[in-house]
Amino acid sequence: MMTEDFDPSKMSKVTNERFRQWYHIQTPGGWLNDPNGLCFFKGYYHVFYQFHPYSAEWGPMHWGHIRSKDLVHWEQLPIALTPGAPEDSGGCFSGSAIVKAGRLYLFYTGHNYYGDGDLDHFWENQNMAYSDDGLTFHKCAGNPLIKTPADNTQHFRDPKVWKHGDRYYMVVGSQDKPHQLGRILMYESTDLKQWQPCGSIVSSHSREKEGWMWECPDLFTLDGQEVLLCSPMGMKVQAEKFMNLSQVCYAVGHLDYQQHHFTGSEFRELDHGHNFYATQTMQTPDKRRIFFGWLSPFNEKMLEQADGWAGTLTLPRELVLEGDQVKNRPVKELTQLRQAGGVDDHLTLDGEEQVAVSDAQHAEYIFRASNGDFSDFQWVLNDNQGTLIKVSVHDTKVTLYRRSAQDQYRYATLAAPIKDVHIFVDTSSVECFINDGAASFTERYYAAGKVSATVSGKQVALDEQVYVLGREAD
């Protein structure tokens, strides 16, 4: 499908606001998936996203574009990349951004079909676009910069670019042809235009344990160690772990730039919820490592598709390395969303209590153990039909329930006793953080009628803070 000339008159329009988020990034109409091109350029945080503007269904990918000065108040901008050039005739797939000498460069995957009507019969390559103002983008005349290697299958996408020393590096998610296992390919450049292959720096050892394709790779340094973040496809469910169709996993280790090899720990889940995928990170001007992810539906139907839009990104979150564990927690800027008149109580639970909040569906809930640790505790979000989301804490284990016809539960077991539970609720999402981000759960939900929240426990002493959150990201 050739769509190089974007037609705004055909763009999908939102017909019903019932599930629209108040403070999460979403499209003005149409389909959204992976976050792309996270960067800070000319005084703004820029976030791009996979975007099909013409319907609320997945389609030929464009790059939607939004920016903010503070990670809270967002401004929708014109589409940055439109497919249809010879190198990206089937879509401008995911990628990253880097700033060099006052110019913003986008790296993205060109997706191309063979024209036989089979959407699983495609090829992919890596391309570049640039902008001097952060608003208007031009595709590089030398595209494609990198073609699929001979020892690779058709799966070859999601370039992430960074600078180390005086050179630039790119990692690309791929699948090797001989074994059809996921791997990460690396490339090296001195000018962002000519790229030399470094080969595979790390690969899956087993389709069942580590996946057959690794998407959305990211490599960065935290506290002096390298962290590999990626989204493996096809991992087999283990005991209360890796329960989604596809995961976001991390490994902590070391990247040898001379030998082109990454050595790291076994994969761990970054988030334990039903709806979390395709993360990308960036470094802020004050040197924090933050990221966004996609609140992914996987095999679920998104009810907002009937309303002319689909999909939302997670809250911006900060990554912190403690020992060999990567924590993820909401960024500090989100406190700006808090409205006046929040609840700040000390209470001892002995049964169930209603949470005092005027708008339970747009709120931030913080619970801390007053004396020691949580023993038994539950937070429940309800609507007219009963329980929507339930977070249950028992000693070091957290169980999340989400109302659905099947696949209702997710789990996390922590290494230390649980001392705090931090929850953000928006119109159709819940993000829960345990022990300052040692575990998190990311969820979509769809309420029927009025929403309320309750907490329960047996002799649980709590410090409770609850805030209604404002509408800032629409």
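What you see is a predicted model, and the numbers here were worked out from it, not measured in a lab.

S.K.: Which residues make up the overall build of the protein, and what values do they have?
M.R.: Across its full length, the protein carries one helix and 32 strands. Over its C-alpha trace the protein gives a radius of gyration of 22 Å, about what one expects of a compact globule, namely 23 Å for 474 residues. Oriented by its inertia axes, the alpha-carbon framework of the protein measures out at about 65 × 50 × 40 Å. A gap of 3 Å separates the mean positions of the 43 positive and 62 negative side-chain charges of the protein.

S.K.: An account of the nonpolar core is requested, with residue identities and associated values reported.
M.R.: Judged by nonpolar contacts, the single largest core of 55 residues is most densely connected at Ile25, Val47, Leu270 and Val326. The next biggest cluster of nonpolar side chains, apart from the first, holds 39 residues, and it includes Leu347, Ala363, Ile389 and Tyr445.

S.K.: Can you lay out the sheet that holds strand β3 (residues 62-68) for me, pointing to particular residues and giving the numbers?
M.R.: The strands that make up a sheet pair up through hydrogen bonds in the backbone, lying either parallel or antiparallel. Across the sheet, five strands lie side by side as β4-β3-β2-β1-β20; this open sheet has mixed pairing. The open sheet has two edge strands, β4 (74-81) and β20 (309-310), and neither has a second partner. Relative to strand β2 (residues 44-52), strand β1 (residues 30-41) runs antiparallel, the two sharing seven bridges. By the bridge assignment, Phe41 is partnered in β2 with Tyr44.

S.K.: An account of the sheet that holds strand β22 (residues 325-330) is requested, with residue identities and associated values reported.
M.R.: Within the open sheet, the four strands sit side by side as β18-β19-β21-β22. Their pairing is antiparallel. The sheet terminates laterally at β18 (277-283) and β22, the two strands that pair on one side only. On average, each strand axis in the sheet is tilted by 35 degrees relative to the strand beside it, whichever way the strands run. Bridge analysis of strand β21 (residues 317-322) against β22 gives six bridges, and the strand direction is antiparallel. Bridged to Val320 within β22 is Lys327.

S.K.: Any chance you could break down the packing of aromatic side chains for me, citing the residues and the numbers?
M.R.: Following the criterion strictly, the structure yields 24 aromatic pairs and no others. A centroid spacing of 4.8 Å and a plane angle of 70 degrees characterise the contact between Phe40 and Tyr45, whose relative ring orientation is edge-to-face. For the cation-ring pair, Arg67 lies above Tyr44, with the distance from its terminal atom to the ring centre recorded as 3.8 Å. A cation over a ring is seen here: Arg338 above Tyr467, with NZ or CZ 4.2 Å from the ring centre.

S.K.: I'd like a rundown of unusual backbone geometry, residues and numbers included.
M.R.: Residue Pro144 is bonded to the preceding Asn143 through a cis peptide linkage, with omega at -5 degrees. Within the secondary structure, Pro144 is located in the loop between β8 (138-139) and β9 (152-164). Although it is not a glycine, Gln459 adopts a positive phi angle of roughly 55 degrees. Summarising the element assignment, Gln459 is placed in strand β32 (residues 452-468).

S.K.: Please set out the pairing of strand β15 (residues 249-256) residue by residue, giving values where relevant.
M.R.: Taken across its eight residues, β15 has six buried, putting it largely inside the fold. With two bridges connecting them, β15 and strand β17 (residues 268-269) associate as antiparallel partners. Paired with Tyr250 across the bridge in β17 is Arg268. Pairing of β15 with strand β16 (residues 261-264) involves four bridges; the strand directions are antiparallel.

S.K.: Tell me about the pattern of salt bridges, residues and numbers included.
M.R.: The tally for this structure, following the rule as stated, stands at 27 salt bridges. A salt bridge links Asp383 to Arg403; the nearest nitrogen and oxygen atoms lie 2.9 Å apart. On the criterion of sequence distance, the pair formed by Asp383 in strand β25 (residues 376-383) and Arg403 in the loop between β27 (397-402) and β28 (409-413) is long-range, its members being 20 residues apart. Accessibility expressed as a relative area gives 8% for Asp383, which makes it buried. Residue Arg403 is classed as partly exposed on the basis of its relative accessible area, which comes to 27%. One salt-bridge network, held together by shared partners, links Asp286, Arg288, Lys332 and Glu333.

S.K.: Account for the environment of Pro159, with residues named and values stated.
M.R.: Following the sequence through the fold, Pro159 ends up in strand β9. What Pro159 contacts, discounting residues up to four positions off in sequence, is Ser94, Gly95, Ser96, Phe107, Tyr108, Thr109, Gln126, Met170, Val171 and Val172.

Quick notes on the rules
Every chain's residues receive numbers from 1 upward, in the order its sequence appears when written. A pLDDT threshold of at least 70 governs which residues receive local features in this predicted model, and a stricter bar of 80 or more applies before side-chain atom pairs are shown or counted, although totals over entire chains, interfaces and linings include all residues. The basis for every side-chain value is the complete set of non-hydrogen atoms in the structure, without hydrogens or water. Working definition: helices are DSSP H or I runs of at least four residues, strands are E runs of at least two. Numbering for both runs from the N terminus. For a compact globule the rule gives 2.2 Å times the number of residues to the power 0.38, and the radius of gyration it is set against comes from C-alpha atoms. For this count, His and the chain ends are skipped, Lys and Arg are scored as positive, and Asp and Glu as negative. Charge placement uses NZ in Lys and CZ in Arg. For Asp and Glu, CG and CD serve respectively. In this description, a nonpolar core means a group of buried Ala, Val, Leu, Ile, Met, Phe, Trp, Tyr and Cys residues linked to one another through side-chain atoms lying within 4.5 Å. The rule is simple: take the accessible area with a 1.4 Å probe, protein chains only, and divide by the maximum for that residue type; under 20% is buried, over 50% is exposed, in between is partly exposed. Strands were regarded as paired on the criterion that DSSP finds at least two bridges between them. Between N-to-C directions, angles span 0 to 180 degrees; the directions come from axes that are lines fitted to C-alpha atoms, helices contributing only their stretch in contact. Aromatic contacts are taken between Phe, Tyr and Trp rings whose centres are within 6.5 Å, Trp giving its six-membered ring; a plane angle under 30 degrees counts as stacked, one over 60 as edge-to-face, and the others as tilted. Whether a charge sits over a ring comes down to the Lys NZ or Arg CZ being within 6 Å of the ring centre and within 35 degrees of the ring normal. By definition, a salt bridge exists where a carboxyl oxygen of Asp or Glu is found within 4 Å of a side-chain nitrogen of Lys or Arg. The contact definition used throughout considers only heavy atoms, calling two residues in contact when any of these lie within 4.5 Å.

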